[in-house]
Amino acid sequence: MNITVEALVLRTVNYRESDKILTVLTRDRGCLTVKATGARRKGSRLGSCTQLFCHSELSLYERDGRFTLDEGDVKNQFYGLSMDLEKMALASYFAQVLLSEPEDGPGSPDVLRLALNSFYALEKGLYPHATIKAAFELRYMAMNGYAPDLSACAACGKTGQGGYIDIASGLLVCPACIRPTGYGVLPMDEPALGAARYILGCDLKKLFSFKLPEKSMAFLARFCEDYLLDKTEQGYKTLDFYKSLLPREEPI
Ligand SMILES: [Zn+2]
């Protein structure tokens, strides 16, 4: 059976002499593993659509749950990502996170949109990398059913004074209600909380349209990263590599 899927290439592995095995993120079937026969042969018509991070419309032949690539119509190669090591590293981290999408569905069109919007913003340099990273991490967790409840203090119901987020429960506690528990509780000032609420509720098209002072951005960045690492329960070599490229962080 032939099917057509909109897809973003998240991983490519060379196979045999001239083939490739791709893992692609699709609009509504989660991730698919696709064999691209002869894709590494010089002049192959599958050459461009099987490049890492290529966004294409792919025609696949499906048999017994296995997929073979027939042809691809390239929409965006995201060439700019490969020109910059930091951008490439961050995109690789996003790709590694997205590889946890279910194999052969059920997928969500929003996940592909989030991936494409993030890659586009990164490639074009539209926003600071820290902004794109934090928004991607938190919104992706919300799409997976892990939206934290940041509406008000979980103990007294008050808002507007910053507070602390318990990473495990995703609940906010205000400075008056916090009891020192030590591990897994992160401070957030009010601007950082406002940005987190914005990321959770805004239209995906405007996901990165927020600005924060440096200190608030540091609170937000640490929360979004720790929250994703806690919920996905794994480490990411791509994240370690990305962070190794950055100047040393000041403790907050
Ligand atoms: Zn409170």
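All values reported here derive from a predicted model rather than from experimental measurement. (Residues numbered from 1 in each chain as written. Predicted model: local features only at pLDDT ≥ 70, side-chain atom pairs only at ≥ 80, totals over all residues.)

Caption draft 1: View of the overall build of the protein. For the protein, the count of helices and strands is six helices and eight strands. Each helix and strand of the protein, ordered N terminal to C terminal, gives the series β-β-β-β-β-α-α-α-β-β-β-α-α-α. For the C-alpha atoms alone, the extent of the protein along its principal axes is close to 65 × 35 × 30 Å. For the protein, buried positions account for 35% of its 252 residues. Restricting the contact set of the protein to residue pairs at least 6 apart, pairs at least 24 apart contribute 58%. (Helix = DSSP H or I, 4+ residues; strand = E, 2+ residues; numbered from the N terminus. Buried ≥ 20, exposed ≤ 12 C-beta atoms within 10 Å, placed from the backbone. Contact = placed C-beta atoms within 7 Å.)

Caption draft 2: Quick look at the environment of Phe-67. Of note, Phe-67 is situated in strand S5 (residues 66–76). Phe-67 gets classed as buried once you count the C-beta atoms within 10 Å, which come to 21. For Phe-67 and Arg-113, which are 46 residues apart along the polypeptide, the C-alpha to C-alpha distance reads 23 Å. Sequence-distant contacts of Phe-67, that is, excluding residues within four places in its chain, are made with Leu-32, Thr-33, Val-34, Lys-35, Leu-60 and Glu-62.

Caption draft 3: Spotlight on the sheet that holds S5. A barrel is described by the order of its strands in space; here five strands give the closed sequence S1-S2-S3-S5-S4, paired in mixed fashion. If you compare each strand with its neighbour and ignore which way they point, the axes differ by 50° on average. When strand S2 (residues 19–26) meets strand S3 (residues 31–36), the two strands line up antiparallel, connected through six bridges. The partner of Leu-22 across the bridge, within S3, is Val-34. (Pairing = 2+ DSSP bridges. Axes fitted to C-alpha atoms, helices over the stretch in contact; angles between N-to-C directions.)

Caption draft 4: A look at the domain arrangement of the protein. Parsing the protein into structural domains produces domain 1 (2–77) and domain 2 (89–244). Counting residues at the interface gives 15 residues for domain 1, matched by 17 residues for domain 2. Elements with a contribution of two residues or more to the side of domain 1 that touches domain 2: strand S1 (2–15), S2 and S3. Here the side of domain 1 that touches domain 2 takes four residues from S1, the largest share from any one element. Residues that form the side of domain 1 that touches domain 2 fall into these classes: six nonpolar, four polar and five charged. (Domains from an automatic or database assignment. Nonpolar A, V, L, I, M, F, W, Y, C, P; charged D, E, K, R; others polar.)

Caption draft 5: Spatial organisation of the sheet that holds strand S8 (residues 185–188). A sheet is described by the order of its strands in space; here three strands give the open sequence S7-S6-S8, paired in antiparallel fashion. Whereas interior strands pair on both sides, the edge strands pair on one side only; in this sheet they are strand S7 (171–173) and S8. Across the sheet, the axes of successive neighbouring strands diverge by a mean angle of 30°, strand direction being ignored. Note that strand S6 (residues 163–166) and S7 share three bridges and pair antiparallel. Bridge pairing links Asp-166 to Leu-171 in S7. Those strands touched by helix H5 (residues 214–232) are S6 and S8, and its axis lies near 150° from that of S8.

Caption draft 6: Structural context of the pairing of S1. Where S1 and strand S4 (residues 55–63) come together, seven bridges link them in antiparallel fashion. Each bridged residue has a counterpart across the sheet, and for Ala-7 the counterpart in S4 is Ser-56. With eight bridges joining them, S1 and S2 adopt antiparallel strand pairing. In the strand pairing of S2, Val-13 is matched with Ile-21. Taking the residues that link successive antiparallel strands as the turn, the S1-S2 hairpin has three residues, and the phi of Arg-16 there is positive, at about 50°.

Caption draft 7: Quick peek at the nonpolar core. In this structure, Leu-8, Val-24, Leu-25, Phe-94, Ala-115, Ala-196 and Leu-220 are the most contacted members of the largest nonpolar core, which totals 66 residues. At nine residues, the largest contribution of residues to this core is made by helix H1 (residues 85–98). Summarising the domain contributions, this core has at least three residues from each of domain 1 (2–77) and domain 2 (89–244). (Core = buried A, V, L, I, M, F, W, Y, C linked by C-beta atoms within 7 Å.)

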